[in-house]
Amino acid sequence: MTGPRKVAVVGVALSDCGRVDEATPYALHAQAARRALADAGLGREVVDGFASAGLGTLAPVEVAEYLGLRPTWADSTSVGGSTWEVMAAHAADAIAAGHANAVLLVYGSTARADIRAGRRTGNLSFGARGPLQFEVPYGHTLIAKYAMAARRHMIEHGTTVEQLAEIAVQARANAALNPDALFRTPITVDEVLSGPMIADPFTKLHCCIRSDGGAAVLLAAEEYVRDCRTAPVWVLGTGECLSHATMSEWEDFTVSPAAVSGQLAFRRAEVTPPDIDFAEIYDAFTYMTLVTLEDLGFCPKGEGGAFVEKGRLRVAGGELPVNTDGGGLSAQHPGMRGLFLLVEAVRQLRGEAGQRQVRRADGGLPELGVASGTGGWFCSSGTVVLGRG
């Protein structure tokens, strides 16, 4: 081997998503994995690397066993919603170095069905051990932490709740073009603002939906591409960053770790934000989209509100289509949604997105996309720059 191998995404798939009452999380993992391998046109015997998180006592050992895999490279990194971008970075590095040839990333969750069936309740806290013991007595829920950060941005930069609401409106407009999105009916800013308050300034429609679903992504070394059914989507650059566990250690509520992971990914890909045709951004709450857009460099710090209010995030007529499938706010959000960002980015670059397909000004397919995941309450970030064959 004369140098690092190029790495491509050669297969992507979703399991059944939305309302899935009769499947286990293991079954959704398996369904997504089978579909991703079929998408690539490869058999499971090529898979020598496996990455999974969030299921089983010995993740990913239990899931690999369920899938009938015996990988010689594994990753169980778990850093919240950014897990999958971080895992993709690790997998790409391993393949480039020759430590693995084909790595399968898989996720599945029945978060919605479990609550409906009484198998679990809504999670209000991540626990009270370790550093979190100093915050739990004050009643911080997960959403309250995001709400505090959003309020700080509003105070420091004049961002308005109407501008945040625009993000939900535009996500729903994109979801309307996606037949697989859970919620497709258009909404207005007034409807977002008039909804029930969850954590000030977030009303219900500022928050992600809860769904069931799974996803899988297969990455492979360049020599496998010729045997694949689909055109390759190349991993051009990645970045990751850990920020904080407690709010008291977060130096600036208006800056997310994407400011670091994005810079690393763009530099390693040798591209700049203006080169990017679309972005898939973790959006458990509207503020996540806004601050990540700023931190990735699509607009200056503090100008995210003005940037999003002009319809720029829409597939139809937007300057920078964002969350082209409708995102976690409208399409699906079964838990750690980062893998869904990679699936949608690959489909866009292949030209497989149907009515929601992004087009360049000349009518051609997009050349470059970015997927940026966020974990915890902006505790971690992973960013992946992808390019078309």
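Note that the structure is predicted; figures quoted are calculated from it, not measured.

Peer 1: So, helix α1 (residues 25-40): which residues are in play, and what are the values?
Peer 2: Counting along an α-helix, one turn takes 3.6 residues, and residues three or four places apart therefore face a common direction. Taking 1.5 Å per residue as the helical rise, α1 with its 16 residues ought to reach 22 Å, and the 23 Å between its terminal C-alpha atoms agrees with that figure. When α1 is considered as a whole, its buried residues turn out to be Pro25, Leu28, His29, Ala30, Gln31, Ala32, Ala33, Ala36, Leu37, Asp39 and Ala40. Summarising the contacts, the buried residues of α1 are in contact with β1 (7-14), β2 (49-52), α2 (61-67), β4 (102-109), β7 (213-221) and α12 (338-350). Immediately beyond the C-terminal end of α1, within one or two residues, lies Gly41, with a positive phi of roughly 80 degrees.

Peer 1: Residues and numbers for the sheet that holds β7, please.
Peer 2: Working definition: the strands of a sheet are paired by backbone hydrogen bonds and lie parallel or antiparallel to each other. Here 9 strands make up an open sheet; going across it, the order is β3-β2-β4-β7-β1-β8-β11-β10-β9 and the pairing mixed. Lying at the two open borders of the sheet, with one neighbouring strand each, are β3 (73-75) and β9 (278-281). Going across the sheet, the axis of each strand differs from the next one's by a mean of 25 degrees, ignoring polarity. Bridge count for strand β8 (residues 233-242) against strand β11 (residues 380-388) is 9 bridges, and the pairing is antiparallel. Across the sheet, the residue bridging to Glu240 is Gly382, located in β11. Contacting β1, β2, β4 and β7, α1 runs over the sheet at an angle of about 130 degrees to β1. Of the strands in this sheet, β1, β2, β3, β4, β7, β8, β10 (368-375) and β11 are in contact with helix α3 (residues 83-97), which crosses β4 at around 165 degrees.

Peer 1: Kindly report on the state of the cysteines, identifying the contributing residues and their values.
Peer 2: For the coordinates displayed, the defined rule picks out 0 disulfides. Between Cys241, a cysteine without a disulfide, and Cys379, which holds the nearest cysteine sulfur, the sulfur-to-sulfur distance is 11 Å. Look at Cys241 and you get buried, because its relative accessible area is 16%.

Peer 1: Quick rundown of the pairing of β1? Include the residues and the values.
Peer 2: Counting buried positions along β1 gives 8 out of 8 residues, so the element sits mostly inside the fold. Sheet topology note: the β1/β7 ladder contains 7 bridges and is antiparallel. Bridge pairing links Val7 to Ala221 in β7. Sheet topology places β1 next to β8; 2 bridges connect them, and they run antiparallel. For Ala8, the partnering residue across the bridge sits in β8 and is Trp234.

Peer 1: Go over the UniProt feature "domain: Thiolase C-terminal" (unreviewed entry) in the protein chain, please, and point to the residues and values.
Peer 2: The feature "domain: Thiolase C-terminal" (unreviewed entry), as annotated in UniProt, sits at residues 239-388 in this numbering. The straight-line gap between the two end C-alpha atoms of residues 239-388 is 19 Å; of that span, 30% is helix and 17% is strand.

Peer 1: Before we move on, can you summarise empty space enclosed by the protein with the specific residues and values?
Peer 2: The tally for this structure, following the rule as stated, stands at 3 cavities of 30 Å³ or more. Reported here for the second largest cavity is a volume of approximately 60 Å³. Lining the second largest cavity are Leu14, Asn178, Asp180, Asp325, Gln332, Phe340, Val343, Glu344, Arg347 and Arg356. Among the elements that take part in the lining of the second largest cavity, α12 stands out by supplying 4 residues, more than any other. Among the residues forming the lining of the second largest cavity, the class breakdown is 3 nonpolar, 2 polar and 5 charged.

Peer 1: Could you give an account of the pattern of salt bridges, naming the residues involved and the relevant values?
Peer 2: Applying the stated rule across the entire model yields 17 salt bridges. One salt bridge in this structure joins Asp212 and Arg112, with 3.1 Å as the shortest N-O distance. Highlighted residues: Asp212 in the loop between β6 (202-203) and β7 and Arg112 in helix α4 (residues 111-116), separated in sequence by 100 residues. For Arg112, a relative accessible area of 10% corresponds to the buried category. Of the charged contacts, one joins Arg312 and Glu319 as a salt bridge, the two residues approaching to 3.1 Å between their closest N and O atoms. Three or more residues joined by partner-sharing salt bridges are found here, namely Asp39, Arg229, Arg350 and Glu352.

Definitions and limits used
- Residues numbered from 1 in each chain as written.
- Predicted model: local features only at pLDDT ≥ 70, side-chain atom pairs only at ≥ 80, totals over all residues.
- Heavy atoms only, no water.
- Helix = DSSP H or I, 4+ residues; strand = E, 2+ residues; numbered from the N terminus.
- Expected span 1.5 Å × (residues − 1).
- Buried < 20%, exposed > 50% of the residue type's maximum accessible area, 1.4 Å probe, protein only.
- Contact = heavy atoms within 4.5 Å.
- Pairing = 2+ DSSP bridges.
- Axes fitted to C-alpha atoms, helices over the stretch in contact; angles between N-to-C directions.
- Disulfide = S-S within 2.5 Å.
- UniProt positions renumbered as here; feature names shortened; annotations may be inferred.
- 1 Å grid on protein atoms, 1.4 Å probe; cavity = no way out; pocket = protein on both sides within 12 Å on 5 of 7 lines; lining within 4 Å.
- Points joined across faces, edges and corners; volume = space filled by probe spheres on them.
- Nonpolar A, V, L, I, M, F, W, Y, C, P; charged D, E, K, R; others polar.
- Salt bridge = Lys/Arg side-chain N within 4 Å of Asp/Glu carboxyl O.

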